[in-house]
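As a plain string of letters, each chain reads:
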Amino acid sequence: MRGQLAEQFGANLQRSRRRAGLSQVGLGELVRVHRSEIGHLERGERLPRLDTILKLAAGLDTPVSVLLAGLHWLPGHYVEGGFSVEDTWHTMARAASSGERA
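Here's what I pulled together on the structure shown here. Values in this document were obtained by computation on a predicted structure and should not be read as measured data. Every chain is numbered on its own, with residues counted from 1 as its sequence reads. In view of the model being predicted, local features appear only for residues whose pLDDT reaches at least 70, and side-chain atom pairs are presented and counted only at 80 or more, with totals across whole chains, interfaces and linings using the full set of residues. Side-chain figures throughout are based on the complete set of non-hydrogen atoms in the structure, without hydrogens or water.

### With respect to unusual backbone geometry
Stated formally: Only runs of H or I of at least four residues qualify as helices and only runs of E of at least two qualify as strands under DSSP, and these elements are numbered from the N terminus.
A positive phi angle, close to 60°, is found at arginine 32, a residue other than glycine. If you trace the backbone, arginine 32 turns up in the loop between helix H2 (24-31) and helix H3 (35-42). Not every positive phi belongs to a glycine, and aspartate 61 is a case in point at roughly 50°. Here aspartate 61 lies in the loop between helix H4 (50-60) and helix H5 (64-67).

Laid out in C-alpha cells, this is it:
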C-alpha cells in the first residue's frame, strides 16, 4: 500500500512540477526542499510529510487535492510498517445504513 501511495503522489508531483515549468532544482529552491528529496518523492521512493505536501502545493500554486489525486486509503488494510487502520466512523456509518449496531 505504501508503495502505491508514494508512486501515485510522485506521479502527481512530477506532472504538477512540469506543468509549472519548474525543474526539480527550481522547485526545491522555491520551497526549500533539497532537489534530491524532490527526486525521491517523484520516483515514489518516499512519502512526504504533511508540511512538505503543503510547501509543494504552495510552491506549485496548486491545490493540495491535485497532489493527492487518486490516493485512496482503505481502512483496515495492512500497511508496510506493521500497523493497520481502524476506521470506526466508516464502520458505524455502514452499520447505521444497514440498521445494525456497530
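Now that the structure is up, let's keep going.
### Considerations on the packing of H2 against H3
As a reminder of what qualifies: Every angle, taken between N-to-C directions, lies between 0 and 180 degrees, and every axis is a line fitted to C-alpha atoms, over only the stretch in contact when it is a helix. If an angle is under 35 degrees, it is roughly parallel; if it is over 145, roughly antiparallel; if it lies from 65 to 115, roughly perpendicular; otherwise it is oblique. What makes a crossing left-handed is the near helix being turned counterclockwise from the far one by less than a right angle; a clockwise turn instead makes it right-handed. Any two residues having at least one pair of non-hydrogen atoms within 4.5 Å are treated as being in contact. Residues are grouped as follows: nonpolar covers Ala, Val, Leu, Ile, Met, Phe, Trp, Tyr, Cys and Pro; charged covers Asp, Glu, Lys and Arg; every other residue, Gly included, is treated as polar.
Following both chains from N to C, one finds H2 and H3 inclined at 115°, their axes separated by 8 Å at the closest point. Relative to H3, the element H2 is oriented roughly perpendicular. Every pair of crossing elements has a handedness; the one defined by H2 and H3 is right-handed. The residues of H3 that touch H2, namely those facing Gln24, Val25, Leu27 and Gly28, are Arg35, Ile38, Gly39 and Glu42. Taken together, the residues of the contact of H2 with H3 break down into three nonpolar, three polar and two charged.

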